[in-house]
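What follows is the residue order along each chain.
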Amino acid sequence: MLPDEMEAEKNRKIIVAQAEEIEILKRNVRELQEQLNVAYKKLKDNHYARKEYGGPKGEEPTRYGTWESEGREIDF
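Residues numbered from 1 in each chain as written. Predicted model: local features only at pLDDT ≥ 70, side-chain atom pairs only at ≥ 80, totals over all residues. Heavy atoms only, no water.

1. A short note on the environment of Glu9
Counted only if it meets this: Only runs of H or I of at least four residues qualify as helices and only runs of E of at least two qualify as strands under DSSP, and these elements are numbered from the N terminus. Per-residue accessibility, obtained with a 1.4 Å probe over protein chains only, is compared with the maximum for each type, and a residue is labelled buried under 20%, exposed over 50%, and partly exposed between these values.
Tracing the backbone through its elements, the reader meets Glu9 in helix H1 (residues 3-49). Judged by its relative accessible area of 27%, Glu9 is partly exposed.

Right, dumping it as structure tokens:
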């Protein structure tokens, strides 16, 4: 084998190895994206499932201009 052919074969092996590494990394990224999507869905579901205990009855008084307690109005 000529030196140029040896160098070409060496470069080909390096390229093949790098392509295999890229495929492994792509697969890992897809798996991580799936895990993140599952975690995001769980967080989103938990956010809407939470209930407030001991809070005001009805609409949030600070959003609608009046505190429930003693009818005070406070601007922030």
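2. Considering the pattern of salt bridges
What counts is decided by this rule: Whenever a carboxyl oxygen of Asp or Glu lies within 4 Å of a side-chain nitrogen of Lys or Arg, that contact is scored as a salt bridge.
Scanning the entire structure with this criterion turns up 2 salt bridges. In this structure, Glu9 engages Arg12 in a salt bridge whose closest nitrogen and oxygen atoms are separated by 2.9 Å. With Glu9 and Arg12 both in helix H1 and 3 residues apart, the pair spans about one turn of that helix. According to the relative accessible area criterion, Arg12 is partly exposed, its value standing at 43%.

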